[in-house]
Amino acid sequence: MKALVTLARLYVTDLDEALPALRELTGQDVRTRFSYGEVELASIGGFLLVAGSEQALAPFRDVQSTVLVDTLDGLQALLAEHGGELLDGPNEVPTGRNATVRHPGGVVLEYVEHTA
């Protein structure tokens, strides 16, 4: 398993309000935008925006960053070698597969293998 890109997570109430400033800041347009349950997500530059009500965002807020990986197949080996706890997944998601892990020291990361 190899990390390809790390995206900083930004939690917002409305994507349409948040995206214009990030378009100007990054000089890029939105790469992906989709709904997942009660939240809406968009990636732009080095950011992953997660939008929704406070109640909808609550289950996502512990995740500090999203790591795009070439495959999730090595995740169990990473955990076996370095410790950590699989909190959720692997799951099928609109962009491929994901899993959420709490690593030693407490950092919580979402790993995503894009297939779509």
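Above this note sits the structure.
Given the structure is predicted, the values throughout are model-derived calculations rather than measurements.

### Some thoughts on the overall build of the chain
1) Next: Per the secondary structure count, the chain includes three helices and eight strands.
2) Next: When the elements of the chain are put in sequence order from the N terminus, they spell out β-α-β-β-β-α-β-α-β-β-β.
3) Next: The C-alpha radius of gyration computed for the chain amounts to 14 Å, which stays within 12% of the reference 13 Å derived for 116 residues, consistent with globular compactness.
4) Next: The principal-axis extents of the C-alpha atoms in the chain amount to approximately 40 × 30 × 25 Å.
5) Next: The buried share of the chain, reckoned over its 116 residues, is 39%.

### As for the sheet that holds strand S2 (residues 32-36)
1) Next: An order of S2-S3-S4-S1-S5-S8-S7-S6 is seen for the eight strands of this open sheet, with the pairing classed as mixed. Every interior strand has two partners, whereas the edge strands, S2 and strand S6 (85-93), have only one. Recorded for the sheet is a direction-independent mean angle of 25 degrees between the axes of neighbouring strands.
2) Next: Here S6 runs beside strand S7 (residues 96-102); their pairing, made up of six bridges, is antiparallel. Looking at the pairing, Val93 lines up with Gly96 of S7.

### Structural notes on the pattern of salt bridges
1) Next: Using the criterion set out here, one finds eight salt bridges in the structure.
2) Next: Between Glu110 and Arg9 there is a salt bridge whose closest N-O contact spans 2.6 Å. In this pair, Glu110 is assigned in strand S8 (residues 108-114) and Arg9 in strand S1 (residues 3-12), connecting sequence segments 101 residues apart. For the pair Glu110 and Arg9, a shared accessibility class is recorded, and that class is buried.

### Notes on the side chain of Arg9
1) Next: You can call Arg9 buried: its relative accessible area is 11%.
2) Next: A distance of 3.0 Å separates the side chain of Arg9 from the side chain of Thr66, its partner in a polar contact.
3) Next: Engagement of the side chain of Arg9 in a polar contact is seen with the side chain of Glu110, the distance being 2.6 Å.
4) Next: Those residues in contact with Arg9, other than ones at most four positions away along the chain, are Leu48, Val50, Phe60, Val63, Gln64, Ser65, Thr66 and Glu110.

Conventions used here
- Residues numbered from 1 in each chain as written.
- Predicted model: local features only at pLDDT ≥ 70, side-chain atom pairs only at ≥ 80, totals over all residues.
- Heavy atoms only, no water.
- Helix = DSSP H or I, 4+ residues; strand = E, 2+ residues; numbered from the N terminus.
- Rg over C-alpha atoms; globule rule 2.2 N^0.38 Å.
- Buried < 20%, exposed > 50% of the residue type's maximum accessible area, 1.4 Å probe, protein only.
- Pairing = 2+ DSSP bridges.
- Axes fitted to C-alpha atoms, helices over the stretch in contact; angles between N-to-C directions.
- Salt bridge = Lys/Arg side-chain N within 4 Å of Asp/Glu carboxyl O.
- Polar contact = N/O pair within 3.5 Å; in protein donor to acceptor, adjacent residues only side chain to side chain.
- Contact = heavy atoms within 4.5 Å.

Worth remembering: the numbers are spatial, not functional.
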